[in-house]
Amino acid sequence: MSLDDNELPRTEDEWRVRLTPEEFHVLREHGTERPWVGEYVDTKTQGVYHCRACGLELFSSDTKFDSHCGWPSFDDAIPGRVKEIEDRSLGMARTEIRCARCDSHLGHVFHGEGFTPKDTRHCVNSISVRLEPR
């Protein structure tokens, strides 16, 4: 279910009520779930992955691939649905990815690893998305 823009929470307290503590930690506090524990790490089901916070369609299962990194990986996002933010929180340069609608943390994107012809890996926390099967 996708929320209309006017239905989106406006404060972190409103998000805290809408999300579970684990979802809030990852989506709103930019946390990371442990590797290999997420529900979508090994999923092969066809469908569309939506932002768990607001419901925006983010990734098609057609772009999901097995990167063996412990988190679901996609070599592309639906155009205009994911924004990239410089992240230097761990003392190194990384690129954080967030939902373009609600600004929730999804994970990070990496380029130049050679996993796919697009040479891009969107490394996504399972708890940040919800799969709508086809």
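- An unreviewed UniProt entry annotates the protein as peptide-methionine (R)-S-oxide reductase originating from Micromonospora taraxaci.
- Quoted straight from UniProt, the Catalytic activity (unreviewed entry) entry for the protein says "L-methionyl-[protein] + [thioredoxin]-disulfide + H2O = L-methionyl-(R)-S-oxide-[protein] + [thioredoxin]-dithiol".

## Here we look at the UniProt feature "domain: MsrB" (unreviewed entry) in the protein
Piece 1. Mapped onto the present numbering, the UniProt feature "domain: MsrB" (unreviewed entry) falls on residues 12-134.
Piece 2. Across residues 12-134 one finds 11% helix and 34% strand; the C-alpha atoms that close the span lie 33 Å apart.

## Description of the pattern of salt bridges
Piece 1. Within the structure shown, the criterion is met by twelve salt bridges.
Piece 2. For Arg134, the salt bridge goes to Asp62, with nearest N and O atoms at 3.4 Å. Of the two residues, Arg134 is situated in the segment after β9 (129-133) and Asp62 in the loop between β2 (57-60) and β3 (64-65); the sequence distance between them amounts to 72 residues. The two residues Arg134 and Asp62 agree in class, both being exposed.

## Observations regarding the environment of Arg130
Piece 1. With respect to the secondary-structure elements, Arg130 resides in strand β9.
Piece 2. Considering only alpha carbons, one finds Arg130 and Arg52, 78 residues apart in sequence, at a separation of 5.4 Å.
Piece 3. Excluding its chain neighbours within four sequence positions, the residues that come into contact with Arg130 are Glu23, Tyr40, Val48, Tyr49, His50 and Arg52.

## Details of the nonpolar core
Piece 1. Ranked by internal contacts, the top residues of the largest apolar core, which has 24 residues, are Leu58, Phe59 and Cys102.
Piece 2. Setting aside chain neighbours within four positions, we find Phe59 in contact with Gly47, Val48, Tyr49, Phe74, Asp76, Ala77, Ile78, Val82, Ile97, His122 and Val124.

## Considerations on the sheet that holds β9
Sheet strands pair by backbone hydrogen bonding; their relative direction is either parallel or antiparallel.
Piece 1. With respect to topology, three strands assemble into an open sheet ordered β2-β1-β9, the strand pairing being antiparallel. Only two strands of the sheet have a single partner each, and these edge strands are β2 and β9. Here the average twist between neighbouring strands, direction ignored, is 30°.
Piece 2. Across five bridges, the pairing between strand β1 (residues 47-51) and β9 is antiparallel. Within β9, the residue paired with Val48 across the bridge is Glu132.

## Quick word on the packing of aromatic side chains
Piece 1. What the rule picks out here adds up to four aromatic pairs.
Piece 2. Ring plane angle 70° and centroid distance 5.0 Å describe the contact between Tyr49 and Phe74, whose orientation is recorded as edge-to-face. Here Tyr49, found in strand β1, pairs with Phe74, found in strand β4 (residues 73-74); they are 25 residues apart in sequence, far enough to count as distant. For the pair Tyr49 and Phe74, a shared accessibility class is recorded, and that class is buried.
Piece 3. Within the aromatic cluster, the residues linked to one another by ring pairs are Tyr40, Tyr49, Phe59 and Phe74.

## Concerning the side chain of Glu96
Piece 1. By the element assignment, Glu96 lies in strand β6 (residues 94-99).
Piece 2. Classification of Glu96 as buried rests on a relative accessible area of 5%.
Piece 3. A polar side-chain atom of Glu96 sits 2.7 Å from a polar atom in the side chain of His105.
Piece 4. Excluding anything up to four places from it in sequence, Glu96 contacts His30, Lys83, Glu84, Ile85, Asp87, His105, Gly107 and His108.

The rules we used
Residues numbered from 1 in each chain as written. Predicted model: local features only at pLDDT ≥ 70, side-chain atom pairs only at ≥ 80, totals over all residues. Heavy atoms only, no water. UniProt positions renumbered as here; feature names shortened; annotations may be inferred. Helix = DSSP H or I, 4+ residues; strand = E, 2+ residues; numbered from the N terminus. Salt bridge = Lys/Arg side-chain N within 4 Å of Asp/Glu carboxyl O. Buried < 20%, exposed > 50% of the residue type's maximum accessible area, 1.4 Å probe, protein only. Contact = heavy atoms within 4.5 Å. Core = buried A, V, L, I, M, F, W, Y, C linked by side-chain atoms within 4.5 Å. Pairing = 2+ DSSP bridges. Axes fitted to C-alpha atoms, helices over the stretch in contact; angles between N-to-C directions. Phe/Tyr/Trp six-rings, centres within 6.5 Å; stacked < 30°, edge-to-face > 60°. Polar contact = N/O pair within 3.5 Å; in protein donor to acceptor, adjacent residues only side chain to side chain.

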